[in-house]
Amino acid sequence: MKIIPIILLTSTFACVLSRDRGKPYEKERICQEYADFGKETFKAIGVILYSQKFSTGTFEEINAVTDEMVKLADKCCAEEASPDCYDNVATKMSEISCGKDSPFPKHPEICKCCGEKGLERKLCLAALRVTSEELPSLQESSNDEICKQFKQDPKGYSLRYIYEFARRHGSIPAGLVLNATDSYLKMVGACCSPSVSQICFLRERLQQKDSNHNLRIVSNLCHNHIHLKSFKIGLTTYYGQIMNGSFEEVSPIASYLQEGLSNCCLDPQPDCLMKKLTGFKTVLCSASAFINHSKLQKCCSKTHLNLLTCVGSLDVQIPPQSTESEGPLKTDLCKNASIGLEKYLFEIGRRHYHVSVPVLASVFADIKKIVDSCCSAGDVSACIDDENKQLKEIENVFSKTDEVCQKYKTLNFTDFKKMMLQSVQEETSKSNKNVVDTKVQQWVDFASTCCSQMAPALQCRKLIDLCISGIKEDSSQ
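Given the structure is predicted, the values throughout are model-derived calculations rather than measurements. (Residues numbered from 1 in each chain as written. Predicted model: local features only at pLDDT ≥ 70, side-chain atom pairs only at ≥ 80, totals over all residues. Heavy atoms only, no water.)

1. Points about the packing of aromatic side chains
The line we're drawing: Each Phe, Tyr or Trp ring, with Trp reduced to its six-membered ring, pairs with another whose centre is within 6.5 Å; inter-plane angles below 30 degrees give stacked pairs, above 60 give edge-to-face pairs, and intermediate values give tilted ones. Exposure classes here rest on a 1.4 Å probe applied to the protein chains alone. A residue is buried below 20% of its type maximum, exposed above 50%, and partly exposed in between.
Tallying each qualifying case throughout the model produces twelve aromatic pairs. Ring plane angle 80° and centroid distance 5.2 Å describe the contact between Tyr 408 and Phe 416, whose orientation is recorded as edge-to-face. The exposure class assigned to Tyr 408 is partly exposed, which follows from its relative accessible area of 27%. Judged by relative accessible area, Phe 416 falls into the buried class, the value being 0%.

Take a look at the structure:
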């Protein structure tokens, strides 16, 4: 993934709504950005940042707020601008945000922010961020249609593409989005002029294939880190599966990556994340336990970004005899700063080879919630005994999801659906046809959405909840 050098300040856009009294150095930072990038790129960065923060906002809403940002820079960075220009315009923007018919992006908590005054209001507005359902992948039109739209309105087409792309990659550094959209729009400009060139599009897309795939991998990692509560132990389990390593061997590797994602995913500058991924390659490839892992060593010969794709393509290593682990003693689950619980989850998870990290993390979060509540109880052992039925139900879901994903990956879709119909009929013999059909569709939706390692975290969480409800209903019949 080629990284175009940029100077993307974290506070460039947020500070307009979060600072009071228009401090000179804040104005200078914005004006420096405006001077370095120029009006068009400055606006493109604004579209990216606000599209990421408000993925449910319309293009018109995102465009409205970024237009105000450009107006602020245009007006207040001029030599003849008054000293209080910056502060006055920033205050006006916060007032527009709170207006009844505001053209800016909406947020469920905006009314709470607007109840505040002065600096508190601006800080509250700057912190708003929408957590929405994952959007479907951006579908491109035909090359002819792309060129037609681009030639009709080059600037409008470019901003709309940036908006659509950024709102689908809200969990990664804005600088990476700027690089990706810049590459795409350069391709469109080159391949549509003077006429549509199919060969040009083919050549450029082949050149961008690896970088686009790497971006999806990074976006998926950051998205999972942000939205999955037990992502680290899910990642630990996954690395344990593909490398056939122990908890002690793979935990430091997963912890390093998770820490890097935590520090860098929402940093607008891409340098932080790139450095952490380079460090991750060093940590992974120097791990003594995996020096003789031939397939891993092949991955380690690749760049730090291609390494992620390579490791993600490795098959899980199923031991000759997969035995059930008794797990730690009940009281040990609450000891050693949660290490006991993490090892317990690791041992449960590594026996389920066919589910994705989002599924692992989601089920782990359910188990962890129960155990954590017991760890604060007076009698830990008695509490876990009381919750044993619920824990067993969750483990049954784990086994069922693993079985479903295994079948989904080995059967064609028609045979898979027949298998699920037979399975649901056997489990719900007293249910009518509509109930059976609904449950079959739930499992089909789950498998087609969640069995892949690139599965959308939030959608899988909802589908797993439906599966848990269905299994509870079946067990009660």
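Continuing now.
2. Here's the deal with the state of the cysteines
Where we set the bar: Any two cysteine sulfur atoms lying within 2.5 Å of each other are counted as a disulfide. Going along the chain from the N terminus, every DSSP run of H or I of four or more residues is numbered as a helix, and every run of E of two or more is numbered as a strand.
Under the definition given, this model contains 13 disulfides. Two residues, Cys 31 and Cys 77, share a disulfide whose sulfurs are 2.0 Å apart. Linking Cys 31 and Cys 77, the disulfide has an S-S dihedral of approximately -90° and is accordingly described as left-handed. Within this pair, whereas Cys 31 is found in helix H2 (residues 24-37), its partner Cys 77 is found in the loop between helix H4 (59-76) and helix H5 (85-97), the two being separated by 46 residues in sequence.

3. Topic: the environment of Met 420
Under the convention used in this document: We call two residues in contact when some of their heavy atoms are within 4.5 Å.
For Met 420, the position within the fold is in helix H21 (residues 413-427). Separated by 21 residues in sequence, Met 420 and Gln 441 have C-alpha atoms that sit 8.9 Å apart. Excluding anything up to four places from it in sequence, Met 420 contacts Val 404, Val 440 and Trp 443.

4. Quick word on H21
Every α-helix carries 3.6 residues per turn, so stepping three or four residues along brings you back to the same face. In plain terms, the rule: Helix span, expected: 1.5 Å multiplied by one less than the number of residues in the helix. Our arc is simply the arc of the directions from the helix axis toward the C-beta atoms. Under the rule applied, a polar contact is a pair of N or O atoms within 3.5 Å (in protein, one hydrogen donor and one hydrogen acceptor; residues adjacent in sequence only if both atoms are side-chain atoms).
Taking 1.5 Å of rise per residue, the 15 residues of H21 would be expected to cover 21 Å, and the 21 Å separating its terminal C-alpha atoms lies within 8% of that figure. Taken as a whole, H21 has its buried residues at Phe 416, Met 419, Met 420, Ser 423 and Val 424. Viewed along the axis of H21, the buried residues span an arc of 130°, placing them on a single side of the element. Along H21, exposed side chains directed more than 90 degrees from the buried face belong to Lys 418 and Glu 426. Of the surrounding secondary structure, the elements contacted by the buried residues of H21 are helix H20 (388-410) and helix H22 (433-450). You can read the cap of H21 off the contacts: a side-chain oxygen lies 3.2 Å from the backbone nitrogen of Thr 414, and it is on Asn 412.

5. Focus: the packing of helix H13 (residues 247-264) against helix H14 (residues 271-285)
As a reminder of what qualifies: Between N-to-C directions, angles span 0 to 180 degrees; the directions come from axes that are lines fitted to C-alpha atoms, helices contributing only their stretch in contact. Orientation is classified from the angle alone, with under 35 degrees giving roughly parallel, over 145 giving roughly antiparallel, 65 to 115 giving roughly perpendicular, and any other angle giving oblique. Basically, the charged four are Asp, Glu, Lys and Arg, the nonpolar ten are Ala, Val, Leu, Ile, Met, Phe, Trp, Tyr, Cys and Pro, and anything else, Gly included, counts as polar.
Axis separation between H13 and H14 bottoms out at 9 Å; the angle between their running directions is 175°. In terms of orientation, H13 and H14 fall into the roughly antiparallel class. Seen from H13, the contacting residues are Ile 253, Tyr 256, Leu 257, Gly 260, Leu 261, Asn 263 and Cys 264; seen from H14, they are Cys 272, Leu 273, Lys 276, Leu 277, Gly 279, Phe 280, Val 283 and Leu 284. Considered class by class, the residues forming the contact of H13 with H14 number eleven nonpolar, three polar and one charged.

6. Some thoughts on the pattern of salt bridges
Rules: A side-chain nitrogen of Lys or Arg and a carboxyl oxygen of Asp or Glu constitute a salt bridge if their distance falls within 4 Å.
Enumeration over the complete set of coordinates arrives at 17 salt bridges. Glu 61 is paired through a salt bridge with Lys 106; the nearest N and O atoms lie 3.1 Å apart. Taken as a pair, Glu 61 in helix H4 and Lys 106 in the loop between H5 and helix H6 (110-114) lie far apart in primary sequence, 45 residues in all. Overall, Glu 61 belongs to the buried group, its relative accessible area being 15%. Judged by relative accessible area, which is 44%, Lys 106 ranks as partly exposed. Put simply, Asp 437 and Lys 433 hold a salt bridge, and the shortest N to O gap is 2.7 Å.

7. A look at the layout of surface pockets
Keep this limit in mind: Of the two site types, the cavity is a set of points on a 1 Å grid over the protein atoms alone where a 1.4 Å probe fits but cannot get out, and the pocket is an open set with protein on both sides within 12 Å along at least five of seven lines, each lined by residues with an atom within 4 Å of a point. Grid points are joined across faces, edges and corners, and a volume is the space filled by probe spheres set on the points.
In this model, the largest pocket occupies a volume close to 1,200 Å³. Lining the largest pocket are 42 residues, with Ser 137, Arg 168, His 169, Arg 216 and Ser 219 sitting closest to its centre. Looking at the lining of the largest pocket, the elements with two or more residues in it are helix H9 (154-167), helix H10 (174-191), helix H11 (198-227) and helix H23 (457-476). The element that contributes the greatest number of residues to the lining of the largest pocket is H11, accounting for 13 residues. Here the residues of the lining of the largest pocket are counted per class, giving 16 nonpolar, 17 polar and nine charged.

8. Side note on the nonpolar core
The condition is simple: Residues belong to a common nonpolar core when they are buried Ala, Val, Leu, Ile, Met, Phe, Trp, Tyr or Cys residues joined through side-chain atoms within 4.5 Å.
Core analysis: the biggest nonpolar cluster contains 137 residues, and Val 218, Tyr 239, Leu 273, Ile 367 and Phe 446 have the highest contact counts within it. Beyond its immediate sequence surroundings of up to four residues, Tyr 239 is in contact with Asn 244, Val 250, Ile 253, Ala 254, Leu 257, Phe 280 and Val 311.

This is a description of form; function is not addressed.
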